[in-house]
Amino acid sequence: MTLQWFLWAWGRGSGGKQDGNGRYPGRKRDFSPVPWSQYFESMEDVVVENETGKDISFGKLGSEGPVLLLLHGGGHSALSWAVFTVAIISRIQCRIVALDLRSHGETKVRNTEDLSAETMAKDVGNVVEALYGDLPPPIMLIGHSMGGAIAVHTAASNLVPSLLGLCMIDVVEGTAMDALNSMQNFLRGRPKTFKSLENAIEWSVKSGQIRNLESARVSMVGQVKHHGIFLPTGLLSDSAPVSIFPSQPLQTKKDHPYTWRIELAKTEKYWDGWFRGLSNLFLSCPSPKLLLLAGVDRLDKDLTIGQMQGKFQMQVLPQCGHAVHEDAPDKVAEAVATFLIRHRFAEPIGGFQW
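All values derive from a computational prediction rather than experimental measurement. (Residues numbered from 1 in each chain as written. Predicted model: local features only at pLDDT ≥ 70, side-chain atom pairs only at ≥ 80, totals over all residues. Heavy atoms only, no water.)

**Student:** Looking at this structure, I do not really get the packing of helix 3 (residues 146-156) against helix 7 (residues 268-275). What am I missing?
**Tutor:** Helix packing geometry: the angle between the two helix axes and the distance between the axes. For the pair helix 3 and helix 7, interaxial distance at closest approach is 9 Å and the crossing angle is 55 degrees. On the basis of the axis angle, helix 3 is oblique to helix 7. Relative to helix 7, the crossing made by helix 3 is left-handed. Touching M146, A149, I150 and H153 of helix 3 are G273, W274 and F275, all from helix 7. (Axes fitted to C-alpha atoms, helices over the stretch in contact; angles between N-to-C directions. Helix = DSSP H or I, 4+ residues; strand = E, 2+ residues; numbered from the N terminus. Parallel < 35°, antiparallel > 145°, perpendicular 65-115°, else oblique. Left-handed = near helix turned anticlockwise from the far one by under 90°. Contact = heavy atoms within 4.5 Å.)

**Student:** What's the story with the side chain of H325 in this structure? I'm lost.
**Tutor:** Residue position: H325 is located in helix 10 (residues 324-327). At a separation of 3.4 Å, a polar atom in the side chain of H325 contacts the side chain of S80. Every residue in contact with H325, bar those within four places of it in the chain, is listed here: S80, W81, F84, H144, I169 and V332. (Polar contact = N/O pair within 3.5 Å; in protein donor to acceptor, adjacent residues only side chain to side chain.)

**Student:** What should I look at first to understand the sheet that holds strand 7 (residues 193-194) in this one?
**Tutor:** Hydrogen bonding along the main chain pairs the strands of a sheet, whether they run parallel or antiparallel. The strand order 7-9-8 describes an open sheet built from 3 strands, whose pairing is antiparallel. Because the sheet does not close on itself, it has two edges, and the strands there are strand 7 and strand 8 (224-226). Looking at chain direction, strand 7 and strand 9 (residues 258-260) are connected through 2 bridges and run antiparallel. Note that in strand 9 the partner of T193 across the bridge is T259. (Pairing = 2+ DSSP bridges.)

As structure tokens, then:
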């Protein structure tokens, strides 16, 4: 299979300042898509052979500091980390690797339906081995939602031998298990198609899925596809006659040619395996641990006890939706940077005060 990866672009920003609601004061809100090159240095595929003969793609960035290996949530892509990477790289010396997990984003796999925690954890381990061989640099696993669960399974299975630390973002076993019963209703309530990328971005912001317009403009490109054709996140399609960015939409007879890249409803049989036992797995990992939540009410019993015993560091970032790292990328970057500096895993840069 092929895992897509992205690298942060040194010195490249998104331009424009938003208020707390993701609006640009004094002008109409712009829902046009933004290319990955505004945030990442490069987007590459590399083929790796695993035990089943599938091809795995991976990526890396930089030459100094620990590697932050970023795993997105279900239905999202590596682009969900775009704004966060700019924020974190300006605070500490580090390297960024953001993966498109199997069947997500631009990653291609032979068995597209195998989204078990075990398989996806092995994917992450294979990427680390392919990138760094027998001498991997210090690595911190950071995952959001489903990606947070996969990060824990990866760490618990010892698939990253140089693991520095572990960070879960807004994923707790108790809350996740309780939410599974209503997940299908949530998925059925989403639009099945969109008439344009702008329409998809506008929906994501107005529905509250992503509360930060800047992040939505880059990350939604990794969530939808055109006519069943995966659109490269650089906003060009090899199968399409013209570019869809910035102002030349593809000509089609259909009114709503865009749909989701992955049908999450079909992954239901794996949901239980992602989250059941997650709290104890997280607590059992010997590496320093960080838990970032949108609300303290998300804590379950095991994590509440573990937090009282000082087994991990926790920070609540209020006024965020579930996509905490997209809604408040600067706050998440501060929390992660402070965690790494406190444990002497990374050096501050740019005058960052932790």
